[in-house]
Amino acid sequence: MSRRPIIAANWKMHKGPAEATEFIDEFENLIGGSSAVDIVISPAFVALGAAKGALANSDTTGLAAQNCHFEEKGAFTGEVSIGMLTEIGVDYVIIGHSERRSIFGEDDAIINAKAKALHAAGVKPIICIGETLEEREGGQLEAVLRRQLEVGLEGLSADKMAEAVIAYEPVWAIGTGKTAGPDEAQEAHAFVRKVLGELFGEEVAAKIRIQYGGSVKPANTAELMAQPDVDGALVGGASLEPGSFSEICKNAG
Ligand code: PEP
């Protein structure tokens with residue numbers, strides 16, 4: 001089964017509208033109109049509109065939001081609905097990032113509500129999972145990933161899951177400069193695909209793209225992407241500069 005790789009930039013709380021536009025103009029020039037991988041850029045909410053405008057003529061690069069609320073509307077001060085995001089024209093929404101889990105207290109049930117709302121709205125989720133160092137060292141890797149998948153994806157329909165993206169991001173590798181080795185990444189990705197097979201059937205599991213995230217940079221992209229179950233990357237720090245992010249996209253292809 002060949003899966004088209006997907007490389008996503010997660011800009012976190014960096015770049016307002018002007019900087020996002022400047023980045024995209026430079027990045028699109030570097031990419032040069034065609035790419036062997038799907039590319040997605042995830043600016044902060046306030047920069048999504050500007051980014052959409054800057055990407056208007058792009059054949060290579062889509063747009064993601066970094067979060068959403070699961071309700072359609074209401075008294076949720078500071079939150080953004082999926083309808084608001086589709087009005088701007090986002091293709092994907094990242095949910096369950098470890099920073100949302102650890103800093104903002106989001107649990108698997110909240111992530112499940114968001115995943116269901118995204119599926120209902122026809123927006124593709126990028127669902128992040130991953131273990132802490134303590135959990136890995138305590139022999140909990142598989143139990144944690146299984147729980148995050150079973151609870152986070154509970155009740156989702158198999159046909160829509162084929163379009164979803166899972167991002168395996170070991171928490172200890174995010175923003176630390178430590179990367180899972182290619183073998184460690186493959187082992188975790190193969191386990192994730194096995195659980196996806198149990199939940200949604202093997203045919204669907206074979207279609208789901210599983211990204212690796214955690215200190216991905218131009219120099220380690222190719223070896224990670226060479227692993228059979230690694231179908232792309234979710235990139236934080238190294239996505240903030242057009243040169244390094246375009247190199248990652250090229251090395252992934
Ligand atoms: C992330 O935040 O999703 C991430 C992978 O960050 P970094 O690439 O900086 O480790």
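What comes next is a walk through the structure. (Residues numbered from 1 in each chain as written. Predicted model: local features only at pLDDT ≥ 70, side-chain atom pairs only at ≥ 80, totals over all residues. Heavy atoms only, no water.)

1. Some words on the pairing of strand β3 (residues 61–65)
Our working definition: Any residue under 20% of the maximum accessible area for its type is buried, any over 50% is exposed, and the rest in between are partly exposed; the area is computed with a 1.4 Å probe on protein chains only. In this text, helices come from DSSP runs of H or I with a minimum length of four residues, and strands from runs of E with a minimum of two, each type numbered from the N-terminal end. Here, a strand pair is defined by DSSP locating no fewer than two bridges between the strands. Crossover handedness is defined here as right-handed if the route from the first strand over the helix to the second strand goes clockwise, with the strands pointing away from the viewer.
Burial analysis of β3 places 5 of its 5 residues in the buried class, which makes it a mostly covered element. Going residue by residue along β3, you find Thr 61, Leu 63 and Ala 65 tucked away on one face and Gly 62 and Ala 64 tucked away on the opposite face as well. One ladder, built from 2 bridges, connects β3 with strand β4 (residues 92–95); its direction is parallel. Within β4, the position partnered with Ala 64 by the bridge is Tyr 92. The β-α-β motif built from β3, the intervening helix α3 (residues 82–88) and the parallel element β4 has right-handed crossover chirality.

2. So, the site of the ligand
Which entries qualify depends on this criterion: One heavy atom suffices: a residue is near a molecule or strand as soon as one of its heavy atoms comes within 4 Å of it. Side-chain atoms alone can form a polar contact between residues adjacent in sequence; in general such a contact is a pair of N or O atoms within 3.5 Å, and within protein one must be able to donate a hydrogen while the other accepts it. Note on areas: these come from Shrake-Rupley sampling with a 1.4 Å probe, and a residue is covered only by the protein chains present in the view. Asp, Glu, Lys and Arg are counted as charged, while Ala, Val, Leu, Ile, Met, Phe, Trp, Tyr, Cys and Pro are counted as nonpolar; the rest, among them Gly, fall into the polar class.
Contacts to the ligand come from 14 residues, most closely from Lys 12, Glu 169, Gly 175, Ser 215 and Gly 237. Within the side chain of Glu 169, one N or O atom sits 2.7 Å away from an oxygen atom of the ligand. Ser 215 places a main-chain nitrogen or oxygen 2.7 Å from an oxygen atom of the ligand. Contact with the protein chains covers 96% of the free accessible surface of the ligand, which is 300 Å². In the shell around the ligand, the residues fall into 4 nonpolar, 8 polar and 2 charged.

3. Points about the nonpolar core
For clarity, the threshold we go by: To qualify as a nonpolar core, a set must consist of buried Ala, Val, Leu, Ile, Met, Phe, Trp, Tyr and Cys residues joined through side-chain atoms within 4.5 Å.
Ile 7, Ile 166, Leu 196 and Phe 245 are the most contacted members of the largest nonpolar core, which totals 66 residues. Of the residues forming this core, the biggest block, 7 residues, is contributed by helix α9 (residues 182–200). With 11 residues, the next largest nonpolar core counts Ala 64, Tyr 92, Ala 167 and Leu 234 among its residues.

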